[in-house]
Amino acid sequence: MIIENLKRIRSEIAQAELLYHRSPGSVLLLAVSKTKPAADIALAYRAGQRHFGENYCQEAILKQRQLGAYDITWHFIGPIQSNKTKTLATCFDWVHSVDRFKTAKRLSEQRPIHLPPLNICLQINISNEYSKSGISLASLPELCQQIVELPNIKLRGVMAIPAPQEDFKQQRLAYHSLFKAVKMLDNVAFDTFSYGMSGDLVAAIAEGSTIVRIGSALFGAR
Ligand SMILES: *Cc1c(COP(=O)(O)O)cnc(C)c1O
């Protein structure tokens, strides 16, 4: 099933890129493997998938050990506990869910010197009542300014998890203002918009997403 799902999602992404005038290949598929076994990751890997996203630090570390021989780019997308920043800084290539300066500072300090800078995104709360994590759009410029000074992390862009919506237009609307607001920021050169999940990837691509984070549509229900 995973192989068929992967093919279908890849073609959905390619079609959406075409339809919404996005460059071919400009949207990265991040396979969200939380709660799924390492064997599922290995299956997708053998079908060419290289980027995987995990939400829970301990769970991710166990799978990373089992998959040590694989050339995987690991993304952390879950809530960050401050006692886990060292593990995140050591074991991941990307952290999408940074929402305070203190976390960014710790990640920078704890990033091992032999590794390239850690890629990070700032999580933006675009549906206030739905999510407790993420910063407001209004506080983005100031946080950016503080974070760009940090040496061992690379601020790549923003991440968002909107409240689930069935309606395509509503789905687009949620991302539209975020995309526009980020494009209007001076002094930041973001290349990453991490949004779009199984239920709204086409709307996300229509609104400028560069990383869609797909779990259940790929690996099945959790
Ligand atoms: C679980 C999760 C996803 C994937 O969600 P699906 O609806 O299963 O595709 C994406 N992003 C985050 C932050 C998640 O926690």
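Up top you'll find the structure we're talking about.
Attention here is on the structure that accompanies the text. (Residues numbered from 1 in each chain as written. Predicted model: local features only at pLDDT ≥ 70, side-chain atom pairs only at ≥ 80, totals over all residues. Heavy atoms only, no water.)

**Here's the deal with the pattern of salt bridges**
Where we set the bar: Salt-bridge detection follows one rule: a side-chain nitrogen of Lys or Arg within 4 Å of a carboxyl oxygen of Asp or Glu. The buried label applies to any residue whose accessible area, calculated with a 1.4 Å probe on protein chains only, is under 20% of its type's maximum; exposed applies above 50%, and partly exposed to all values in between.
In this structure the tally under the stated criterion is 7 salt bridges. The partner of K63 in a salt bridge is E54, and the shortest N-O contact between them spans 2.9 Å. The burial state of K63 is the same as that of E54; both residues are buried. We note a salt bridge from R100 to D99, for which the minimum N-O separation is 3.4 Å. For D99, a relative accessible area of 17% gives the class buried. The network of salt bridges with common partners includes E54, E59 and K63.

**Points about the environment of H96**
Condition: Counting from the N terminus, the helices are the DSSP runs of H or I reaching at least four residues and the strands are the DSSP runs of E reaching at least two. In what follows, a contact means two residues having at least one pair of non-hydrogen atoms within 4.5 Å. The definition of a polar contact used here is a pair of N or O atoms within 3.5 Å, where within protein one atom must be able to donate a hydrogen and the other to accept one, and adjacent residues in sequence count solely through side-chain atom pairs.
Of note, H96 is situated in strand β4 (residues 94–98). Residue H96 is classed as buried on the basis of its relative accessible area of 0%. Through-space distance from the C-alpha of H96 to that of V158 is 7.5 Å; in sequence the pair is 62 residues apart. In this structure, H96 is in contact with L30, H75, F76, I77, C121, L122, Q123, M159, S194, I211 and R213, ignoring residues within four places of it in sequence. Here S194 takes part through its side chain, which lies 2.9 Å from a polar atom of the side chain of H96.

**Considerations on the site of the ligand**
To keep things clear, this is the line we draw: Any residue with a non-hydrogen atom lying within 4 Å of a molecule or strand is treated as near it.
Taken together, V32, K34, N55, I77, I161, M197, S198, R213, I214, G215, S216 and R222 make up all the residues around the ligand. Between an oxygen atom of the ligand and a side-chain N or O atom of N55, the distance comes to 2.7 Å. The contact in question runs from an oxygen atom of the ligand to an N or O atom on the side chain of R222, over 2.8 Å.

**Topic: the environment of I2**
Topologically, I2 is positioned in helix α1 (residues 2–19). A relative accessible area of 8% places I2 in the buried class. For the pair I2 and D167, spaced 165 residues apart in sequence, the C-alpha separation works out to 27 Å. Residues contacting I2, with those up to four places away along its chain left out, are D40, L43, A44, L218 and F219.

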